[in-house]
Amino acid sequence: MSDEKKLAIIATKGTLDWGYPPFILASTAAALGYQTQIFFTFYGLQLLRRKINVKVSPLGNPGMPMPMGMDKWFPVLGTAIPGMEAMMTAMMKAKMKKKGVASLEELRELCLEADVKMIACQMTVDLFDMNPSDFIDGIEYGGAAMFFEFAGESDITLFV
Amino acid sequence: MANFDQELDATGLNCPLPILRAKKALADMQSGQVLHIIATDPGSVKDFDAFAKQTGNELLESKEEGGKFYFLLKKA
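Rules behind the numbers
- Residues numbered from 1 in each chain as written.
- Chains lettered and ligands numbered in written order.
- Predicted model: local features only at pLDDT ≥ 70, side-chain atom pairs only at ≥ 80, totals over all residues.
- Contact = placed C-beta atoms within 7 Å.
- Helix = DSSP H or I, 4+ residues; strand = E, 2+ residues; numbered from the N terminus.
- Expected span 1.5 Å × (residues − 1).
- Buried ≥ 20, exposed ≤ 12 C-beta atoms within 10 Å, placed from the backbone.
- Axes fitted to C-alpha atoms, helices over the stretch in contact; angles between N-to-C directions.
- Left-handed = near helix turned anticlockwise from the far one by under 90°.
- Nonpolar A, V, L, I, M, F, W, Y, C, P; charged D, E, K, R; others polar.

Novice: How would you explain the interface of chain A and chain B if you had to name every residue and give the values?
Specialist: Counting residues at the interface gives 11 residues for chain A and 11 residues for chain B. Of all the elements, helix α1 (residues 16-31) of chain A adds the most residues to the side of chain A that touches chain B, at 4 residues.

Now the structure itself:
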């Protein structure tokens, strides 16, 4: 066993905002010398698709800053209007680009370059009839026991 | 301005990109060489401090000038 620090992350969410923490933390940890592994399960598997197509929803998300004071004059139900999600996603992506925040694909690529190991939950893949050919190359498939093999000797374990 | 061997322009980039780009740049450098980094992300000040402490690369200088942040990192 090496004396290298280890970080294990479980990524369970498939939205634009929740997709960031696993990739930001994993890429940064790798840059700091951590051996890092991310276990993608349930909706987190959306983050392993070749073309990441995730959205951010203003619905049921009272903490989400809305542009132009929309949160003031838009009732909660207004966030359920068709097209609202697509609009907020487009606005969030544009804002991220303007502020120099990397795209999820870019961060994921940096993770892979830094040898962050990515594991897709086999059970979820089967459950949702997902096609492994839709996922990026270089990932592994495994289960909970495989996660613990690494997590058990990790210094930090995060559930996102 | 102190001497440096390589320069990294990380202006306009936000967390964690300045750190990741710096790490990449350092990987191609020799031990003892100095990397000069220019950033605009205010969070990079504490981040480069933490990066240096954890990786053993020495932060020779960290300063702000005209809204930009300048760092000198010496590769361990």
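Novice: Mind laying out α1 of chain A, listing which residues take part and the relevant values?
Specialist: Since the α-helix advances by 3.6 residues per turn, residues separated by three or four positions end up pointing in the same direction. Residue and element names in this part refer to chain A. Here α1 spans 23 Å end to end across 16 residues, near enough to the 22 Å set by a 1.5 Å rise per residue. Burial analysis of α1 places 12 of its 16 residues in the buried class, which makes it a mostly covered element. Remark: glycine 33 follows α1 within two positions and exhibits a positive phi of approximately 100°.

Novice: Quick rundown of the packing of α1 of chain A against helix α1 (residues 17-27) of chain B? Include the residues and the values.
Specialist: α1 of chain B packs onto α1 of chain A with a crossing angle of 35° between their chain directions and a minimal axis gap of 9 Å. Handedness of the crossing formed by α1 of chain A with α1 of chain B: left-handed. Listed contacts from α1 of chain B to Ser27, Thr28 and Ala31 of chain A of α1 of chain A are Ile19, Leu20 and Lys23 of chain B. Partitioning the contact of α1 of chain A with α1 of chain B into residue classes produces 3 nonpolar, 2 polar and 1 charged.

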